[in-house]
Amino acid sequence: MIDPNDELLQPHAFWMRAALDQARIAFDEGEVPIGAVIVHNDRVIAAAGNQREQLKDPTAHAEIIAITQAAEALGSWRLLDCTLYATLEPCPMCAGAIVQARIPTVIYGTTDDKAGACHTLYQITSDPRLNHRATVVGGVLRDECRDLLREFFAIQRSLGKK
């Protein structure tokens, strides 16, 4: 985790705000508010929020959708020279996709105590037994990312859901 006051946070905060915009769209659509953007050469080439409810697809996580978009944008499954920004620490499925896509850098907002696969429960993206490893930085705009999730689930509980 990085210190939220660290000067190195500034460029990451800019792109994380774009991921938060995607999470807010997901929130407004009744999806768990997780957003992801993929940046290549200082340009967003993919942006998505969760769409599991809309698509009735358990794999429709923001990161997976963004990875698919980025591969299409670059015309390659190898997402070299890309950075993935996600508002929540990627789960095992998403971390596996990050490894498969060869994404070199992952920046996330808040940890996932139940399914985090970069730092919290597993370290898939840095496992030396795999053929690719990513540099992972957590804690960028942590409070904003965490608070959006907390707000969503508080609303869902008040409605008798989730």
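All values reported here derive from a predicted model rather than from experimental measurement.

**Considerations on the overall build of the chain**
A tally of regular secondary structure across the chain gives 5 helices and 5 strands. For the chain, the succession of helices and strands along the chain, N to C, is α-β-β-α-α-β-α-β-β-α. By the compact-globule yardstick of 15 Å for 162 residues, the chain fits well, its C-alpha radius of gyration being 15 Å. The C-alpha extent of the chain, read off along each of the three principal axes, is 45 × 35 × 30 Å. Within the chain, buried positions represent 48% of all 162 residues. Contacts in the chain between residues far apart in sequence, at least 24 positions, make up 59% of those at least 6 positions apart.

**Focus on helix α4 (residues 92-101)**
Taken residue by residue, α4 has Cys94, Ala95, Ala97, Ile98, Val99 and Ala101 as its buried positions. Elements that come into contact with the buried residues of α4 comprise α3 (62-74) and β4 (105-110). Trailing α4 by a residue or two, Arg102 shows a phi angle of about 65°, which is positive.

**Describing the sheet that holds strand β3 (residues 82-88)**
The 5 strands lie next to each other as β2-β1-β3-β4-β5, forming an open sheet whose pairing is mixed. Two strands in the sheet have a free side with no partner beyond their single neighbour: β2 (43-49) and β5 (135-138). The average angle at which neighbouring strand axes cross in this sheet is 15°, direction not considered. Taken together, the 6 bridges between strand β1 (residues 35-40) and β2 define a ladder with antiparallel strand orientation. Of the residues in β2, the one forming a bridge with Gly35 is Gly49. Strand contacts of α3: β1, β2 and β3, with the helix running at about 145° to β2, the strand carrying the most contacts.

**Considerations on the packing of α3 against α4**
Following both chains from N to C, one finds α3 and α4 inclined at 20°, their axes separated by 9 Å at the closest point. Between α3 and α4, the angle falls in the class roughly parallel. Of the two possible hands of crossing, α3 and α4 adopt the one that is left-handed. Where α3 approaches α4, its residues Glu63, Ile64 and Ile67 are matched on the opposing element by Met93, Cys94, Ala97, Ile98 and Ala101. Considered class by class, the residues forming the contact of α3 with α4 number 7 nonpolar, no polar and 1 charged.

**Some remarks on the packing of aromatic side chains**
Summed over all chains, the structure comprises 3 aromatic pairs. Through a chain of ring-to-ring contacts, three or more aromatic side chains come together here, namely Phe27, Phe152 and Phe153.

Reading the values: rules and limits
- Residues numbered from 1 in each chain as written.
- Predicted model: local features only at pLDDT ≥ 70, side-chain atom pairs only at ≥ 80, totals over all residues.
- Heavy atoms only, no water.
- Helix = DSSP H or I, 4+ residues; strand = E, 2+ residues; numbered from the N terminus.
- Rg over C-alpha atoms; globule rule 2.2 N^0.38 Å.
- Buried < 20%, exposed > 50% of the residue type's maximum accessible area, 1.4 Å probe, protein only.
- Contact = heavy atoms within 4.5 Å.
- Pairing = 2+ DSSP bridges.
- Axes fitted to C-alpha atoms, helices over the stretch in contact; angles between N-to-C directions.
- Parallel < 35°, antiparallel > 145°, perpendicular 65-115°, else oblique.
- Left-handed = near helix turned anticlockwise from the far one by under 90°.
- Nonpolar A, V, L, I, M, F, W, Y, C, P; charged D, E, K, R; others polar.
- Phe/Tyr/Trp six-rings, centres within 6.5 Å; stacked < 30°, edge-to-face > 60°.

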